[in-house]
Structure formats: C-alpha cells, structure tokens
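Each chain is listed here by its residues.
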Amino acid sequence: MRKLASGALTGILALGALTACAQEPSAGSDGEDGGSGKVAFLMPDLASTRYEQYDAPLFKKRMAKLCPKCEVLYQNANGDASLQQQQANSAMAQGAKVIVIDPVDSAGAATIVQTAQSQGVKVVAYDRPIPDKPADFYVSFDNEAIGESIAQSLVDHLKETKAKGGVLQINGSPTDAAAGLIKKGIHKGLDDSGFKLLAEYDTPGWSPEKAQQWASGQISQYRGRIAGVVAANDGTGGGAIAAFKAADVKVPPITGNDAELAAIQRVIAGDQYNTISKPIKIVAEAAAEVADQLLKGEKPKAATTLFNTPSQLFKPTVVTQKNLKQVIFGPDAVLKVKDVCTAQYAAGCGRLGIQ
C-alpha cells in the first residue's frame, strides 16, 4: 500500500474503471417488478457542493429507473446533527422503508439506526460509516485508501522536487468516522516519509473557513518551513490555499479530495497539487441499487465488511495535472469542459490539452 499513489496509480485507474463497469446497473432490470415505496436520502451539509449538485440528482435519477413508483424524500441537514435526526424521524413518519444517510455525526447517527431498525426500516450508510450501530449496508469509496493516496502522492512529489521542510496535516471533522479513516490513511502515507509533521488539525464540520484560520496561524509559526499541506478534502485544501495567499506567501503543494469544480480549476491553475476523483455516479447508483433491493426484501451482496456492516467500497483515483484530462473529462464525466475552462482558466486548460 505504500506506493498506492505513485507506481500503482495506473493499476488503481484500471481497477477503478473495471469496478465501475462491473457495478454499472443492468438497464434491463429497471423497474421490472413495478415495486413502490418511500426512500429517504439524507445528506449531511452544504459546505461540500457535491451533495446538491451530484449525489442527490444522481440517486433520484437511478431510483426513478429502478422503481418508477417509488418516492425519494431528500433532505440536507446543513451540518446540524439534531436537524438530521429530525429529518430521519420525519421520513419514517412519512412512511419511508429505507433510509440512505450520510451522517453529520457518525456517533450520533447510531440513534437513527437504532430507531429505524426497531421500526423495521432499513438503513444504508452512505459515504460515511456509522461505527457504533451497524447499518444494514454501507456504500462508499475506500476512505483510508483516499487518505494514503493523497499523502503518498504529495510525498512523492516533494521528494521528486527535493523540497525541504515539514508538512501540515488538515483533517476532516472529528465527528465524521470517514474523516477518521482518511486521517488514518494520511498518517500511513506521511509517518515514514522523512518529512516532519509540523502540526495537525481536526477541522470542525469540515469548515473551509476554520481550516483557513488554522493554516494562517501555522504559516506565522512555521514561515519558510512548510514544504506541503495534506488536506483531507477540497474545502479544507481551498481554505489552506486561501491562507497562504492572504499571507502573501508562495503556495506549497496542497492536497484535496472530492474533485469539486473549484478544486479542478485550482489544480489546473497550479494552486492545488492533487485531489481525488470519486465518480459520484458510481456510489450514488450503487446506493440506489441497494435501497431498491432492500425495499424488495432482498439481501444486497457485500464485497467486504466494515464496522460489522456489509459494505461495498470503491477504489479512489488520485488526480494531478498529469492525468486530469484523462480522469476528469472521460466518457462518463460529470464536469463539462465549458464549465471548468472559463476565461480565467482557459490558458491553463490549453497547456494541459483540455479543449
């Protein structure tokens, strides 16, 4: 696993492509049984733009094909765990038989699982696990591999460029079990890298603003000694980049994760070193497949088990300028060239052969 983001990157890209093909739902099975029911799709926050732009629309679209008579009850908790609890209770009161939830608070979500299962409602943990009370299924990308990938990718780059200094580590929310897995993976990539870990921060609510504030303090303390920053997602990475720019200090290589539009533009511009491509279409459609099977009383097939929960984990892909065109603008691309390569980024796109 040590070279997950370097020599084995090609293998991961190939495996990711094979996984996507293997998991692509069969169009012939769509809506065959004429089933019906209500499914709740509960997302955690608005800090990451992906939920509104991609996860929810893709999940709804796939559910509509699988079960035309089914109704999707979509809610976003905007970072409020108590609100998410209320949304789950409301969904059950409205007759939802399956809850697909990306928890705001992984520990607190155990109560949602307990309540739902006591009422015969199935729960699918989505993107983030619920360690304290096993859901009926878990669908996500391999978060520990994500952390190791972005860290190893950065370390390899720092060694190639003979960078000097230490590294800052900006983790995700301390209430998010997926953030804990990413954090564990980052340490796998960093701990024996030869680069000193200068400081580390768990970002409340994955807040880019809090990440920026913390990074600003570290820039003052370690000015001239920061070789790179491992940030657990694009939001915290963007916050770190903003901190360096505000301090009028050269931006070092900084990582990310989620391949959000703004992050892809930062990679093109050279402000952000890498991100992680997690084709949301794959995981959203897989979650819809699982929800549909649970509605039918079927047992979804699990490839592995995590936190005592049957799980389906997809492989992440590291994205840098070297493979951005291939990975981000492939046949199943969510982002469009016209949206990414605006006037501000047209020159950068041209240099990378993106048209």
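For the structure itself, look to the data block above.
My aim in this report is to walk through the structure given alongside it, one point at a time. (Residues numbered from 1 in each chain as written. Predicted model: local features only at pLDDT ≥ 70, side-chain atom pairs only at ≥ 80, totals over all residues. Heavy atoms only, no water.)

## Some words on the state of the cysteines
Linking two cysteines covalently through their sulfur atoms gives a disulfide.
Alright, step 1. Under the definition given, this model contains 2 disulfides.
Alright, step 2. Across a sulfur-sulfur distance of 2.0 Å, C67 and C70 are joined as a disulfide pair. Of note, the bridge from C67 to C70 carries an S-S torsion of about 65° and is right-handed in sense. Each member of the pair, C67 together with C70, is buried.
Alright, step 3. Sulfur-sulfur distance for the disulfide between C341 and C349 comes to 2.0 Å. In this structure, the disulfide formed by C341 and C349 twists by about -90° around the S-S bond and is classed as left-handed. Judged on exposure class, the residue C341 and its partner C349 are both buried.
Alright, step 4. Disulfides within the protein chain link the bonded cysteines, taken in sequence order, as 1-2, 3-4. (Disulfide = S-S within 2.5 Å. Buried < 20%, exposed > 50% of the residue type's maximum accessible area, 1.4 Å probe, protein only.)

## So, the pairing of strand β2 (residues 69-76)
Alright, step 1. Looking at chain direction, strand β1 (residues 36-43) and β2 are connected through 8 bridges and run parallel. What sits directly across from M43, in β2, is N76. (Pairing = 2+ DSSP bridges. Helix = DSSP H or I, 4+ residues; strand = E, 2+ residues; numbered from the N terminus.)

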